[in-house]
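Below, each chain spelled out in residue letters.
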Amino acid sequence: MLSIKNLRASIDGNEILKGINLEVKAGEVHAIMGPNGSGKSTLASVLAGREEYDVNSGTIEYLGRDLMEMNPEERAREGVFLAFQYPVEIPGVSTTNFLKTALNQIREHRGEERLDAVSFLTLMKEKMKLVELDQTLISRSLNEGFSGGEKKRNEIFQMAMLEPKLAILDETDSGLDIDALKIVANGVNKLKSSDNATIVVTHYQRLLDYIIPDFVHVLMNGKFVKSGGKELAYKLEELGYDWIKEEQALV
Amino acid sequence: MGKKLNEIFASQFQSFENRLNGEKQMPVHKLRKDAFEALQSTGLPDNKNEEYRFTRLTTLLERSFNLSQQNPEQSLTKDQIDGRMMKDIDGSSLVFLNGVYSKEQSVIASEHQDITIDSLQDAIKYDSECFEHYFNKTKSYGNDGFLSWNTAFTETGVKISVESNRTYEKPIVLNFITDATGQQFIGNPRILIQIGENSEITFLENFKTIGDFPAFNNLALEIISEKASRVKYIKIQDDGDNTIHMSNSMVYQTDACNVSMFAFTFSGKMVRNNLNVVVDGEGCEANMYGLYLLNGTTHADNHTVVDHRKPNSVSNELYKGILDDKSRGVFNGKIYVRQLAQKTNAFQSNNNILLSNDATINTKPQLEIWADDVKCSHGCTTGQLDDEQLFYLRSRGIDKDRAIGILLQAFANDIFDKTPVKELRSYLEEIVMDRLN
């Protein structure tokens with residue numbers, strides 16, 4: 001589904017990603033871990049098409065197409081979804097209207113008919129349950145005055161509505177208490193299928209207790225320095241990142 | 001420049017007086033003469049006039065018009081007129097052709113039958129006592145040359161009187177249709193509205209010009225709001241890129257009145273709105289809202305003054321602007337709180353989004369407070385669209401243009417949310433959506 005080869009990217013002339021290689025297949029869950037400033041969020045941003053990042057070299061192939069050729073809305077319509085680390089507040093735009101526009105533009109792109117108001121509301125009600133989101137939040141302005149947990153749940157709710165093929169969760173666990181974390185993880189797990197893939201970007205292992213990864217990659221200083229199965233995450237939780245840093249120093 | 005204009009106005013006033021015949025004896029003519037003299041002494045504001053520093057209206061008029069030319073008789077067909085009416089608004093529709101009230105073309109809703117609606121000429125002739133009582137009484141500040149011009153040549157327009165203790169659901173739409181099909185047009189229409197005690201009503205003002213010749217309407221509006229009355233007055237300026245519009249709107253509030261003024265500007269070569277609100281009563285609320293959505297080379301200038309003269313009243317002001325291409329916006333908001341006006345709450349805010357590097361906004365809030373127990377605030381912001389918000393919408397599959405439209409609509413929603421008349425709201429939202437897509 002996703003194939004990243006030797007990706008180098010920078011912002012304002014500072015190189016953040018220094019040669020990333022990653023293969024993600026349908027049905028897989030990949031966790032990307034690493035200390036602060038290692039480039040995790042940059043990778044998520046580059047995949048979603050944030051324009052302030054410059055890709056200097058390397059390739060990103062998504063479903064057989066060059067991802068870098070696609071603008072953010074095209075990527076979304078082709079099934080890429082970024083759950084934001086800091087979801088943006090947009091006063092004056094209700095979540096309902098925003099999602100209706102987004103969903104219908106995606107459906108149009110897929111050659112499907114627009115959803116009528118009734119089917120849209122039915123779908124919304126169904127997906128809201130998934131993340132235990134309250135109706136009153138949805139009719140309010142997008143994320144405005146939401147708590148941290150509400151914002152993150154709203155991200156997963158949007159993901160449920162848009163049914164992406166490749167979901168990238170950028171630090172979705174940050175700022176969540178344990179109950180909210182379970183709800184969010186549960187939502188993500190229910191959306192998992194053999195046709196879609198998930199990339200979980202996280203600082204802590206905690207989220208991975210609930211979303212079980214098939215692969216764990218450790219990002220340091222703009223490069224993957226270690227990959228493994230879920231046991232790698234447990235080791236990181238126990239020992240921190242220092243042992244990897246030491247290993248690196250030896251190389 | 002001034003001398004030449006003075007000569008033109010003098011000769012026009014002479015022939016105006018000759019035409020008036022017996023009406024010259026009426027006391028109203030004294031007001032005209034006073035205004036004419038004020039116009040002769042101050043002239044129209046030139047480039048050195050601080051209030052018109054950014055809006056060189058006089059220069060534009062001299063360049064675009066032959067100011068000594070007489071207006072022709074209007075020759076519009078019914079189809080032409082019908083095409084410019086505000087459709088889909090359920091209420092009364094008053095039609096003015098080159099400023100002259102046309103009873104034949106107007107439709108009065110049944111609930112408005114007890115409202116007195118007279119052409120200004122009739123009001124001067126047949127109701128002179130009432131007319132004199134209210135006419136030109138709200139003028140509060142300085143001598144605006146354009147207001148003097150209007151008052152000196154006052155002849156066309158309408159006087160509307162609403163009795164006490166009446167509540168009207170439906171709005172009265174004032175459609176000013178200008179004929180610029182054969183030659184240029186310059187008009188000085190006048191609207192005089194008196195709202196009786198404890199009555200409630202909404203007005204909608206719509207100027208439309210037909211034809212490609214330049215058109216200039218120099219409007220003066222007076223609203224006298226009696227005790228505990230509730231008035232909403234909405235201006236919609238979307239008269240094409242060839243027209244020039246000047247308005248002096250003057251509102252006079254007595255005790256416990258609630259007046260909301262709205263100014264929507266969507267097109268025009270140059271638009272200048274002077275809004276003066278005198279809060280001369282206690283327990284009043286004055287709301288002033290504006291939205292200007294400009295493109296091309298449209299120039300829109302809103303100058304507002306709210307004058308708190310009595311204690312315990314509130315004024316809210318919110319003007320928002322979205323400027324594209326080479327358009328230019330000007331906002332100047334003055335709040336006066338006089339010494340007597342203790343416990344006044346006065347708020348003012350002006351927010352602008354510039355969509356192009358060539359668009360300009362000049363914004364200036366001014367407070368003058370002599371009372372010591374008041375709450376006043378003012379602020380203005382000018383910026384661009386938020387990149388983070390734009391990216392968020394796009395990352396959900398919404399294309400860039402649509403996302404920009406959504407964000408601007410949200411920006412404008414603050415004003416729309418306050419706009420009365422449901423049909424009007426969808427009409428305005430459509431204009432914004434059309435423009436932004």
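All values derive from a computational prediction rather than experimental measurement.

Trainee: Quick rundown of the sheet that holds strand β2 (residues 100-107) of chain B? Include the residues and the values.
Mentor: All names here are of chain B. Pairing within the open sheet is mixed, and its ten strands lie in the order β2-β1-β5-β8-β10-β12-β14-β16-β18-β20. Edge positions in the sheet fall to β2 and β20 (375-383), since each has one partner strand and no second. For this sheet, the mean angle separating the axes of adjacent strands, direction not counted, is 10°. Direction of pairing for strand β14 (residues 285-294) relative to strand β16 (residues 314-323): parallel, over a ladder of ten bridges. Bridge pairing links Y289 to L318 in β16. Taken strand by strand, helix α9 (residues 400-416) contacts β12 (258-267), β14, β16 and β18 (345-354), and its axis lies near 155° from that of β16.

Trainee: Describe the interface of chain A and chain B, naming the residues involved and giving the relevant values.
Mentor: At the interface, 32 residues of chain A touch 17 residues of chain B. Taken together, the two surfaces of chain A and chain B that pack against each other cover about 2000 Å², and 58% of this comes from carbon and sulfur. For the pair chain A and chain B, the number of links is five salt bridges. Across the salt bridge formed by R77 of chain A and D399 of chain B, the nearest N and O atoms sit 3.8 Å from each other. Taken together, the links from chain A to chain B amount to 14 residue pairs in polar contact (both at pLDDT 80 or more). Sorting elements by how many residues they give to the side of chain A that touches chain B places helix α3 (residues 95-109) of chain A first, with five residues. Its residues placed into classes, the side of chain A that touches chain B shows 18 nonpolar, seven polar and seven charged.

Trainee: Before we move on, can you summarise the confidence of the model for chain A with the specific residues and values?
Mentor: On average, chain A scores 92 in pLDDT, and the residues at 70 or more come to 99%. For chain A, helix α9 (residues 242-250) of chain A is the element with the lowest average pLDDT, namely 82, and helix α2 (residues 72-77) of chain A is the one with the highest, namely 97.

Rules used throughout
Residues numbered from 1 in each chain as written. Chains lettered and ligands numbered in written order. Predicted model: local features only at pLDDT ≥ 70, side-chain atom pairs only at ≥ 80, totals over all residues. Heavy atoms only, no water. Pairing = 2+ DSSP bridges. Helix = DSSP H or I, 4+ residues; strand = E, 2+ residues; numbered from the N terminus. Axes fitted to C-alpha atoms, helices over the stretch in contact; angles between N-to-C directions. Contact = heavy atoms within 4.5 Å. Buried area = accessible area lost by both parts, 1.4 Å probe. Salt bridge = Lys/Arg side-chain N within 4 Å of Asp/Glu carboxyl O. Polar contact = N/O pair within 3.5 Å; in protein donor to acceptor, adjacent residues only side chain to side chain. Nonpolar A, V, L, I, M, F, W, Y, C, P; charged D, E, K, R; others polar. pLDDT = per-residue confidence, 0-100.

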